[in-house]
Protein chains: 12
Amino acid sequence: MENRKKIQIINGPNLNLLGIREKDIYGTESFETFFTQLQIDFPEFELYYFQSNIEGEIIDQLHKVGFGFDGILINAGGYTHTSVAIGDAISSINAPTIEIHISNVFAREPYRHVSLIGKHCIGAISGFGVQSYRLGLDYFTSKQ
Amino acid sequence: MENRKKIQIINGPNLNLLGIREKDIYGTESFETFFTQLQIDFPEFELYYFQSNIEGEIIDQLHKVGFGFDGILINAGGYTHTSVAIGDAISSINAPTIEIHISNVFAREPYRHVSLIGKHCIGAISGFGVQSYRLGLDYFTSKQ
Amino acid sequence: MENRKKIQIINGPNLNLLGIREKDIYGTESFETFFTQLQIDFPEFELYYFQSNIEGEIIDQLHKVGFGFDGILINAGGYTHTSVAIGDAISSINAPTIEIHISNVFAREPYRHVSLIGKHCIGAISGFGVQSYRLGLDYFTSKQ
Amino acid sequence: MENRKKIQIINGPNLNLLGIREKDIYGTESFETFFTQLQIDFPEFELYYFQSNIEGEIIDQLHKVGFGFDGILINAGGYTHTSVAIGDAISSINAPTIEIHISNVFAREPYRHVSLIGKHCIGAISGFGVQSYRLGLDYFTSKQ
Amino acid sequence: MENRKKIQIINGPNLNLLGIREKDIYGTESFETFFTQLQIDFPEFELYYFQSNIEGEIIDQLHKVGFGFDGILINAGGYTHTSVAIGDAISSINAPTIEIHISNVFAREPYRHVSLIGKHCIGAISGFGVQSYRLGLDYFTSKQ
Amino acid sequence: MENRKKIQIINGPNLNLLGIREKDIYGTESFETFFTQLQIDFPEFELYYFQSNIEGEIIDQLHKVGFGFDGILINAGGYTHTSVAIGDAISSINAPTIEIHISNVFAREPYRHVSLIGKHCIGAISGFGVQSYRLGLDYFTSKQ
Amino acid sequence: MENRKKIQIINGPNLNLLGIREKDIYGTESFETFFTQLQIDFPEFELYYFQSNIEGEIIDQLHKVGFGFDGILINAGGYTHTSVAIGDAISSINAPTIEIHISNVFAREPYRHVSLIGKHCIGAISGFGVQSYRLGLDYFTSKQ
Amino acid sequence: MENRKKIQIINGPNLNLLGIREKDIYGTESFETFFTQLQIDFPEFELYYFQSNIEGEIIDQLHKVGFGFDGILINAGGYTHTSVAIGDAISSINAPTIEIHISNVFAREPYRHVSLIGKHCIGAISGFGVQSYRLGLDYFTSKQ
Amino acid sequence: MENRKKIQIINGPNLNLLGIREKDIYGTESFETFFTQLQIDFPEFELYYFQSNIEGEIIDQLHKVGFGFDGILINAGGYTHTSVAIGDAISSINAPTIEIHISNVFAREPYRHVSLIGKHCIGAISGFGVQSYRLGLDYFTSKQ
Amino acid sequence: MENRKKIQIINGPNLNLLGIREKDIYGTESFETFFTQLQIDFPEFELYYFQSNIEGEIIDQLHKVGFGFDGILINAGGYTHTSVAIGDAISSINAPTIEIHISNVFAREPYRHVSLIGKHCIGAISGFGVQSYRLGLDYFTSKQ
Amino acid sequence: MENRKKIQIINGPNLNLLGIREKDIYGTESFETFFTQLQIDFPEFELYYFQSNIEGEIIDQLHKVGFGFDGILINAGGYTHTSVAIGDAISSINAPTIEIHISNVFAREPYRHVSLIGKHCIGAISGFGVQSYRLGLDYFTSKQ
Amino acid sequence: MENRKKIQIINGPNLNLLGIREKDIYGTESFETFFTQLQIDFPEFELYYFQSNIEGEIIDQLHKVGFGFDGILINAGGYTHTSVAIGDAISSINAPTIEIHISNVFAREPYRHVSLIGKHCIGAISGFGVQSYRLGLDYFTSKQ
């Protein structure tokens, strides 16, 4: 078990409200609860969770894990569409990074169709609710 | 007096310089001094003041008061025009939120004519100097 | 009472239907009824009301009161977004003029996010229903 | 015959010149002559005709008949492409309204491809010369 | 009866699903059933019906009937907005062609407001449900 | 003198304020005074003057003189940039029409760089103050 | 085993060349070979494979399986960015559909950043090579 | 003669009408007749001709000859401006491909100035009537 | 006569062909012949004529006369729409400069509607054929 | 030989560096050497060569040969994308003119996809290296 | 030495990775090491260094030193292109501020060609690697 | 001293007016005087100065020195924003080239924010008055 891959999940702004806001859309489960279930379902990984509403703290965290971890799932929330700086951070690090979205961004406002981080990631998964995170982890599993 | 409505005023980047910068435009009064006067003039409200230059801390504050307060006045400064994330935060909370601007943004550069938070607020007041905040409070008064 | 400030309220196209159309949105009260209440609530003002669906008549009215009145509230309706000529009229006169909207224009179609009159007004108030007019009058009160 | 449907035809700017201007394109028949023929050919309708070059008068007429008539055919001429206010008027009334054009607007200048009233109408008929009006009346016939 | 005008109706992609998909919008009647009724209601025409989901087959059909038929009604569905080639085909043939739409395209997504075939047709009828086809046939009737 | 050319000068919105508004820019002379001088200086013309703030009245006037007069000078003010309908009116009439502007529209806001009437006129003169009208009359003189 | 979910994989233009073209990017394995492996790895599904370079045949296939199958994975290739019609087809059917891409479209030309089918799908997976298809199937597995 | 280079000419939509439509522009000669002449004039090539109105069939043909032939001349007609998929097909194959146009596309509508296939071809020849094909063949001759 | 105002006329690219090219539009008179007539008709001026097809030589000439002459008429031809540098030159000099065009640029291609020199001139005259130059000289006359 | 067609080749900016700059792309042969070979290979033409880095000198040369020569090949280099004036020059002359490019402009930066001269030429040939010039000459040969 | 000018260097997001990331581009030297060298090479300045990945902390620092320091060099990294707020901060302070970039932003993606802070700085230096900072300091030296 | 680096300074249009025009902005010193001072201050360089208002002469000069000199400072003035050809020239030569501007182009009109030469230079320095040239020379010094 000690050779488990280290995977960091990074959630951006407002994702700390999961389970609290707009429950009809996002359900009543908090991300923390969901994360605990992920740890059980993916025992082959050492999973870490980080959330911040501050763009620069997300960059800090990418720097911190980006040279030693085996993979990153990032749901940058609203920063997806406005942050050149987070895109640059992903481009600077070594860990393969996947862009994650809970909702189908292409079915929402036009300004959410643009991703400033997408080109720096290896791929993107969006629209499957919190299942999007599972599929991201599946990718790291299937690569082994 | 204990049933007073709780109202949060949130000021974004550079508004901490009020009274210091460009005094010919903004006057020599700091926002803190003005805020003290507001508390006197609107005794029917419990008024709170928060200022940060950090986008994410503004989001944090919106989350903190957004489910318990009776109203929010937000002058997001330069983030008004660039922050999808603050817009999402306002959309996520329950407290009715009003977009405030000291200057008439429509008389300034074109990039200030776009508001990424406007559609998530109930309304907007701009151009009346610091009086804009008073008019915002008037709204909460008149609703009673 | 004879030194009361003279304030002109100008409503543009389709605002004569208030209380008749889309009652679930705009309520069943006509603007005339509301105006009568305003006169009672703001005894410090001589209030005048003018409505026209004709762009040029609105300009005529702005010319007529714009050099003698103490303030103007204008809700130019659909002309807000298309009339360079009304903007020029406001720019030509002396009376401080406030742009008023009943609905939150930023939460509607993109072509309503553009105001051709905004930069010529001292400020704008939008989204508070007919309360928007009250807040505009509050401004003239608070300036005294 | 007394239960005939009431249908209003509204023509916008420059359509009063029909039969006078550009006769090779529009023919030598005035709209009034054509309208008399329509009344003969559609005895099942009480037909009314209104023309104005003034945007606001067209709005006035829409308000006047829009709550009592059974249908409206509107050829807003040049205002089709520039009038948010006429679009709002159509949106405010109850009578089903059809957008009519004599020429094929899509075969003309790009600025004529945009209609600011189209989305508020039930449908549009363009390009069939004055026959476009007949087809519009056919619709109200066929609906019975 | 033998001198009846030959009219071709061409339906493009997804219109074969009429009566099956989104029944609340489009009703439960298939186009085939509706077409049979049209043949009864317009005995003065020899009516032909062609449907294909394949852009090039629509072009083939336009070529086939475009030099011998008396008129064409084309509802190119989604190809309306993307097919330069169908527009070129209509431009190449002799038969007068009318653009038909069941829904009001101007009340839908912006990309549906653009027609690449409109300028090559004599006119357009949109928004009247399947009645749009009847109005198109009315045009060919009234021309006689 | 009885064979003098008939020339109509048409002024659009806000030009009735000449001599009243922004006197440092436009001077203190009203257009009426200037017009009297023009009549003296150009005795070879029968000069007529019309001003309206109403778009449709300008169209009405164009129709009224457009088939009998020898020339028209039109300063459509703010409608220059927004009125397809006035452009269509000029296109419909026979009298040669010249677009006039007092200020240099190309040195002002970008939305004033667009003229919707220019292509329907024979030429344009802008930026010479009220001299622009004189130069327009010079053209009709020099053509003789 | 007889209650296995039916899943259709649809590949659009040029994907038949997998294993033949640009082998350094896409590898030397044909999609058929990969599909056989998928059938082995996902025994809980009845998997079907369809490929066509013809836009309309893809629409036909969506219609054919869209009302009876349990899910669809569609990699529309170049049609992703140009086909309103395929988007409409997905919108018309009942089967949940996932947009799949082998390459990271956001790291390629700007015209590949636009998807005309995305908003009609439940979600999108791109950039993981042929693993993208596996993750799509994982979604249908995890939903059970 | 057996070592003659194999060259495929591919014509897209509406080019089958050459000699039939718009004869004043395109002449009365069909492409088949012209092709026979080309075979006589270029005996050093084995020339093949393919025409289809179906985008996907053009892709199929490119795949079929693209790995064995010595050169391709493609006149994709209207698909030139709308088909990402044909562009991808050309990019996928080995045979050097030349974009051909009969008319000067730059002297036509703006949407014809954009080529989605041009960057995948080695070069383009447009505007020389059917001579454009001859010049394309000249290129393959001169390369020897 | 010795105190006559010095006026420079500067013509840009292709205007040397006047009288040679497109005679039906521009007439058969060369600019030199016309210039001689101007000298006769405006004896109150010392008129100078300069033509060059070279952008920088036009700038040189502007520099040469721009500090000593009383006025400049410039018809920059095609450089009107592309030359920031000529605009800068006009902005740098003292002599009042008028933009002249023979044709009505607003009735031509969209790229001719943009002037990069207009805002640096005092005014513009376009569309009156070579009369445009006369009107420009009239301006300098009337100013005296 | 005395009736040989006169053909002018005009090369624009930086083409004098052929054989010197970027030799891996453009080869080590100068245009002069290549031109000598062209003269040998096309004895049926009197070939002339002109190169200038100065936009206006290119216009001068077009004027000089444009009324007497039988054809012109122009590679305007960077001026292709910025020169309205060269386009106007080609439009003014009689000699049929062909736009030539050595590289495939559609495979380069977007600003090279726009040609301001293309619509004034009879056709364009791009992407075949210096062979592009040969193909242009072939056109003049084949026309005989 | 005690009257040395105080100069603040501010580095934005990801610049803390200098010497770690993309070493082939940025070299292996950390900014801290380089800064030490700068202090040696510019003894006439008191140099201070601040780096943060957090937009608001950069604003805080600008406020802190902006009223007392003699100059600021700011490399805002990715925030250069997205931060209205940092631009506002620079505009609010007194210290002359220079925009610095290590790479040539104009040779990178189009979104890096836009600077939201440039107009508030006195000048910009980009593309010289870490030498860009030296040149910025040279400016403050040469001003003395 | 004989091994001094050769550096060419190239100034574009209107820069010959330095010291003459807009003295309040640019000062009363001519560039020639400033250049003499530069030669004194940078004895380690052989400095050459070239100015032309003609785009093509600037290209000629770039060609002339671009293969033998050690560096070039170019202030292309208005051509910076419009000349693809100068950009191509810089791209063709070997000497490292620096883009120089006296004023802060980002604080001026939007069309000055675009540089067509920037991506071909190694870096850019703008906004420091004539000091910008000194900083450019500093770069060549510091590289030694």
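What this report covers is the structure whose coordinates are included nearby. Once a new chain begins, its residue numbering starts again from 1 and follows that chain's sequence as written. The lettering of chains begins at A and the numbering of ligands begins at 1, in the order of writing. The model is predicted, so local features are restricted to residues of pLDDT at least 70 and side-chain atom pairs to those at 80 or more, both for listing and for counting; the totals for chains, interfaces and linings are taken over all residues. Just so you know, side-chain values use all the structure's heavy atoms and leave hydrogens and water out.

### Observations regarding the interface of chain A and chain G
Quick note on the threshold: Two residues qualify as a contact provided that any one of their heavy atoms is within 4.5 Å of a heavy atom in the partner residue. Accessible area that two parts lose when put together, evaluated with a 1.4 Å probe and summed over both, is termed the buried area. Whenever a carboxyl oxygen of Asp or Glu lies within 4 Å of a side-chain nitrogen of Lys or Arg, that contact is scored as a salt bridge. For this analysis, a polar contact is any N or O atom pair within 3.5 Å, provided that within protein one partner can donate a hydrogen and the other can accept it, and provided that sequence-adjacent residues contribute only side-chain to side-chain pairs. What counts as a helix is a DSSP run of H or I of at least four residues, what counts as a strand is a run of E of at least two, and both are numbered from the N terminus. Residue polarity follows a fixed list, in which Ala, Val, Leu, Ile, Met, Phe, Trp, Tyr, Cys and Pro are nonpolar, Asp, Glu, Lys and Arg are charged, and the others, Gly among them, are polar. Paired strands, as defined in this entry, are two strands with at least two bridges between them according to DSSP.
Facing the 20 residues of chain A at the interface are 20 residues of chain G. Between chain A and chain G lies a buried interface of about 1,700 Å² when both sides are counted; carbon and sulfur atoms form 62% of it. On the chain A side of the contact with chain G, A:Phe106, A:Phe128 and A:Leu135 bury the most area, a combined 32% of that side's loss. Counting across the interface, chain A meets chain G through zero salt bridges. At the boundary of chain A and chain G, one finds six residue pairs in polar contact (both at pLDDT 80 or more). Of all the secondary-structure elements, those providing two or more residues to the side of chain A that touches chain G are strand E5 (123-126) and helix H5 (131-142) of chain A. Take the side of chain A that touches chain G: its biggest share by element is five residues, from H5(A). Within the side of chain A that touches chain G, the residues separate by chemical class into 10 nonpolar, seven polar and three charged. In the sheet, E5(A) pairs with strand E5 (residues 123-126) of chain G via three bridges, with the strands oriented antiparallel.

### Focus: the environment of C:Asn3
All names here are of chain C. The criterion, for reference: For the exposure calls, accessible area comes from a 1.4 Å probe over protein chains only, and a residue counts as buried if that area is under 20% of its type's maximum, exposed if over 50%, partly exposed in between.
On the secondary structure map, Asn-3 appears in the segment before strand E1 (5-11). Note on Asn-3: relative accessible area 73%, which makes it exposed. Distance from Asn-3 to Glu-46, taken between C-alpha atoms, is 9.1 Å for residues 43 residues apart in sequence.

### Considerations on helix H2 (residues 31-41) of chain A
For clarity, the threshold we go by: Each direction from the helix axis to a C-beta atom contributes to the arc, which is the arc of those directions.
Here H2(A) has its buried residues at A:Phe31, A:Phe34, A:Phe35 and A:Leu38. With its buried residues spanning 100 degrees around the axis, H2(A) presents them on a single face.

### Looking at the side chain of K:Ser92
Within the secondary structure, K:Ser92 is located in helix H4 (residues 84-92). Within polar-contact distance, the side chain of K:Ser92 engages the backbone oxygen of K:Asp88 at 2.8 Å. Ignoring sequence-local partners within four residues, the contact set of K:Ser92 consists of B:Leu17, B:Arg21, B:Glu22 and K:Phe67.

### Overview of the interface of chain D and chain E
Taken together, the 20 residues of chain D in the interface contact 20 residues of chain E. Taking both partners together, chain D and chain E bury about 1,700 Å²; carbon and sulfur atoms supply 62% of that area. The largest per-residue losses of area from chain D upon contact with chain E belong to D:Phe106, D:Phe128 and D:Leu135, which jointly make up 31% of the total buried on that side. Across the chain D-chain E interface, the total number found is zero salt bridges. Taken together, the links from chain D to chain E amount to six residue pairs in polar contact (both at pLDDT 80 or more). Every element with two or more residues in the side of chain D that touches chain E is listed here: strand E5 (123-126) and helix H5 (131-142) of chain D. Residue contributions to the side of chain D that touches chain E peak at five residues, all from H5(D). By residue class, the composition of the side of chain D that touches chain E is 10 nonpolar, seven polar and three charged.

### Focus on the arrangement of the chains
Across all C-alpha pairs, the smallest distance from chain D to chain H is 11 Å, and the two are not in contact. Spatially, chain H is disjoint from chain I: no contact exists, and the shortest C-alpha separation is 12 Å.

### Regarding a negative patch on the surface
So the rule is basically this: The residues that make up patches have over 30% relative accessible area and no salt bridge, and they are joined within 9 Å when like-charged or within 5 Å when they are Val, Leu, Ile, Met, Phe, Trp or Tyr. Exposure was quantified through the Shrake-Rupley algorithm and a 1.4 Å probe, taking into account, for residues, occlusion by the shown protein chains and nothing else. Working convention for charge: Lys and Arg count positive, Asp and Glu count negative, and His plus the chain ends are omitted. Lys charges are placed at NZ, Arg charges at CZ, Asp charges at CG and Glu charges at CD.
A cluster of like negative charges, contributed by C:Glu57, C:Asp60, D:Glu57, D:Asp60, F:Glu57 and F:Asp60, occupies part of the molecular surface. Put simply, the parts of the chain that give the negative patch at least two residues each are helix H3 (55-65) of chain C, helix H3 (55-65) of chain D together with helix H3 (55-65) of chain F. Note on placement: D:Glu57 falls in helix H3. Note on D:Glu57: relative accessible area 30%, which makes it partly exposed.

### Digging into the relation of the copies chain A and chain G
Which entries qualify depends on this criterion: In superposing the copies, a least-squares fit is computed on C-alpha atoms, taking residues whose pLDDT is at least 70 in both.
Screw-axis analysis of chain A against chain G gives a translation of 0.0 Å along the axis, an RMSD of 0.0 Å, and a rotation angle of 180 degrees. On the angle and the small slide along the axis, the relation comes out as a two-fold axis. Proximity to the rotation axis, assessed at the C-alpha, singles out A:Ile125 in chain A; its C-alpha lies 2.3 Å from the axis. Interface overlap between copies is the fraction of interface residues in one copy that are interface residues in the other; for chain A against chain G it reaches 100%, indicating a shared surface.

### Focus: the environment of A:Gly127
Mapped onto the secondary structure, A:Gly127 falls in the loop between E5 and H5. A:Gly127 sits in the buried class, given a relative accessible area of 19%. Residues A:Gly127 and A:Asn104 lie 23 residues apart in sequence; the distance between their C-alpha atoms is 3.7 Å. Here A:Gly127 is in contact with A:His101, A:Ile102, A:Ser103, A:Asn104, A:Ser132, G:Ile122 and G:Gly123, once residues within four sequence places are set aside.

### Describing the layout of surface pockets
Our working definition: The pocket and cavity definitions rest on a 1 Å grid over protein atoms only: a 1.4 Å probe that fits but cannot leave marks a cavity, an open set with protein on both sides within 12 Å along at least five of seven lines marks a pocket, and residues lining either have an atom within 4 Å of a point. Grid points are joined across faces, edges and corners, and a volume is the space filled by probe spheres set on the points.
There is about 950 Å³ of room inside the second largest pocket. Forming the walls of the second largest pocket are 29 residues, and the residues nearest its centre are A:Pro110, A:His113, A:Val114, G:His113 and G:Val114. The residue makeup of the lining of the second largest pocket, split by class, is 15 nonpolar, five polar and nine charged.

### Side note on the packing of aromatic side chains
A ring pair, where both rings are aromatic, is described by two values, the distance of the centres and the angle of the planes. Rules: Aromatic pairing here means that ring centres of Phe, Tyr or Trp (its six-membered ring) are within 6.5 Å. Orientation follows from the plane angle: under 30 degrees is stacked, over 60 is edge-to-face, and everything else is tilted.
Applying the stated criterion to the full structure yields 114 aromatic pairs over all chains. Both rings, one in F:Phe106 and one in I:Phe106, keep their centres 6.2 Å apart while their planes meet at 0 degrees; by these two values the pair is stacked. In this pair, F:Phe106 sits in the loop between strand E4 (97-101) and strand E5 (123-126) while I:Phe106 sits in the loop between strand E4 (97-101) and strand E5 (123-126), so the two residues belong to two different chains. Assigned by exposure class, F:Phe106 and I:Phe106 land together as buried. In this structure an aromatic cluster arises from ring pairing among A:Phe31, A:Phe34, A:Phe35, A:Tyr49 and A:Tyr133.

### Comments concerning the pattern of salt bridges
A side chain with one charge may pair with a side chain of the opposite charge, provided their charged atoms come close. Tallying each qualifying case throughout the model produces 48 salt bridges over all chains. In this structure, D:Asp41 engages D:Arg134 in a salt bridge whose closest nitrogen and oxygen atoms are separated by 2.8 Å. Highlighted residues: D:Asp41 in helix H2 (residues 31-41) and D:Arg134 in helix H5, separated in sequence by 93 residues. Note that H:Asp88 and G:Arg112 form a salt bridge whose closest N and O atoms lie 2.8 Å from each other. Of this pair, H:Asp88 sits in helix H4 (residues 84-92) while G:Arg112 sits in the loop between strand E4 (97-101) and E5, each in a different chain. Judged by its relative accessible area of 5%, G:Arg112 falls in the buried class. Here the salt bridges share partners, and the residues they tie into one network are A:Asp88, A:Lys119, K:Glu109 and K:Arg112.

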